[in-house]
Amino acid sequence: MKRLLTFLLLFVVAMGVFVWQLPASIIAGFVPTEASRFVQLHRITGTLWRGNALFSAMGVSPTLSVAWQCQPSIMPLGASCALSESVTGVAQVNLLSRTLTMEKITAVLPVQVGGGAAFMAESPRVTLEIASLTMSATTLAIQGSARAESARYAFGQSPVTLGEVTADCKPDAASASSRCMISNRGGNARLDGQLSLTGRGASGTLELTPSGAAAQRITF
């Protein structure tokens, strides 16, 4: 009996050490598949519980860093993590429901979308403030805003300045998707639009009205 208890104790200790030393590279397996449509990690180093990586998102090149310090959780089964460096906030991974929940997320980063002849939008400084975000196979609920400074936009023509562009996002009644309203202040054109964000991607309409010219609309 003593040998059995000793074996079990050693087994539990060995498994604990093994889990604690898991490499950070497996973190992708704990994030919902839907999240990879929006954010990807590169050059991951450290362990599952304490590490860092470069990240890329829609319109953001993989040059910004994020670090995490995590603790395992039982209820719900998963991990709770504190984020730092280019992105700060708190993240909770629920393994049973494969849900990623984030709170008090802040980030300041440059953004460039498109860049081709047909469509381009960019800003050297975008401030992101997300009060809450929940993402799973059936849910993408975002409560927060983004503010882009010195923004520029082009749709089949030379870029026009937009000044400060803001996007305010709220989840729908069922929290299955989120809707973002877009507007600008300053610049030499008016920008209005709305986006619908789901776990499968984004859709919406943007309308650009240059000073003294007809409005142009892009739907995607």
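Not measured: the values here are computed from a predicted model. (Residues numbered from 1 in each chain as written. Predicted model: local features only at pLDDT ≥ 70, side-chain atom pairs only at ≥ 80, totals over all residues. Heavy atoms only, no water.)

J.: Requested: an account of the overall build of the protein, with residues and values cited.
T.: Tallying secondary structure elements over the protein gives 1 helix and 13 strands in all. When the helices and strands of the protein are placed in sequence order, the string is α-β-β-β-β-β-β-β-β-β-β-β-β-β. For the protein, buried positions account for 35% of its 220 residues. Here the analysis covers contacts within the protein between residues at least 6 apart in sequence; of these, 32% occur between residues at least 24 apart. As displayed, the protein has an accessible area near 12700 Å², and 61% of this comes from carbon and sulfur atoms. (Helix = DSSP H or I, 4+ residues; strand = E, 2+ residues; numbered from the N terminus. Buried < 20%, exposed > 50% of the residue type's maximum accessible area, 1.4 Å probe, protein only. Contact = heavy atoms within 4.5 Å. Areas by Shrake-Rupley, 256 points an atom, 1.4 Å probe, with all protein chains shown as cover.)

J.: Got a sec to walk through the state of the cysteines? Specific residues and values, please.
T.: Taken as a whole, this structure holds 2 disulfides when the rule is applied. Bridging Cys70 to Cys81, the disulfide has an S-S length of 2.0 Å. Sign of the S-S torsion, about 110° for the bond between Cys70 and Cys81, identifies this disulfide as right-handed. Remark: Cys81 occurs in strand S4 (residues 78-85) and Cys70 occurs in strand S3 (residues 60-73); sequence separation between them is 11 residues. Note on accessibility: Cys70 and Cys81 belong to one class, buried. Across the disulfide, Cys169 is cross-linked to Cys180 (sulfur-sulfur distance 2.0 Å). Handedness of the Cys169-Cys180 disulfide follows from its S-S torsion of about 110°: it is right-handed. Residue Cys169 is found in strand S9 (residues 160-171), and its partner Cys180 is found in strand S10 (residues 178-185); the two are separated by 11 residues along the sequence. Here the two residues Cys169 and Cys180 agree in accessibility, since each one is buried. (Disulfide = S-S within 2.5 Å.)

J.: For the side chain of Thr127, give the residues involved together with the corresponding values.
T.: By the element assignment, Thr127 lies in strand S7 (residues 119-135). The exposure class assigned to Thr127 is buried, which follows from its relative accessible area of 11%. Apart from residues no more than four positions distant in its own chain, Thr127 is found in contact with Ala107, Val108, Ser145, Ala146 and Arg147.

J.: Residue-level account of unusual backbone geometry, with values.
T.: Of note, the bond from Met75 into Pro76 is cis; its omega dihedral lies within 30 degrees of zero at 0°. Counting through the fold element by element, Pro76 comes out in the loop between S3 and S4. With a phi close to 50°, Ser150 is a non-glycine residue in the positive phi region. Of note, Ser150 is situated in strand S8 (residues 140-155).

J.: Requested: an account of the environment of Arg147, with residues and values cited.
T.: Within the fold, Arg147 resides in strand S8. For the pair Arg147 and Ile182, spaced 35 residues apart in sequence, the C-alpha to C-alpha distance is 9.9 Å. Filtering out sequence-adjacent residues up to four positions away, Arg147 remains in contact with Arg125, Val126, Thr127, Glu164, Val165 and Thr166.

J.: How would you sum up the environment of Thr134? Please name residues and give values.
T.: Looking at the secondary structure, you find Thr134 in strand S7. A C-alpha to C-alpha distance of 8.9 Å links Thr134 and Glu103, two positions 31 residues apart in sequence. Those residues within four positions of Thr134 in sequence are excluded, and the remaining contacts are Thr99, Leu100, Thr101, Thr139, Leu140 and Ala141.

J.: If you had to explain the nonpolar core to someone new, which residues and values would you point to?
T.: If you look at the biggest cluster of nonpolar residues, it comprises 43 residues, and the most contacted ones within it are Leu83 and Leu162. In contact with Leu162, other than residues within four places in its own chain, are Ala151, Arg152, Tyr153, Asn184, Arg185, Gly186, Gly187, Ala189, Leu191 and Leu208. (Core = buried A, V, L, I, M, F, W, Y, C linked by side-chain atoms within 4.5 Å.)

J.: So, the confidence of the model for the protein: which residues are in play, and what are the values?
T.: In this model, the protein carries a mean pLDDT of 79, and residues with pLDDT of at least 70 account for 75%. The low-confidence segment residues 4-21, where pLDDT is below 50, has 7 contacts with residues more than four positions distant or belonging to other chains. (pLDDT = per-residue confidence, 0-100.)

J.: How would you sum up the pairing of strand S13 (residues 216-219)? Please name residues and give values.
T.: Here strand S12 (residues 201-210) runs beside S13; their pairing, made up of 4 bridges, is antiparallel. Bridge assignment links Glu207 to a residue of S13, and that residue is Arg217. Taking the residues between adjacent antiparallel strands as the criterion, S12 and S13 are bridged by 5 residues, where Gly212 takes a positive phi near 75°. (Pairing = 2+ DSSP bridges.)

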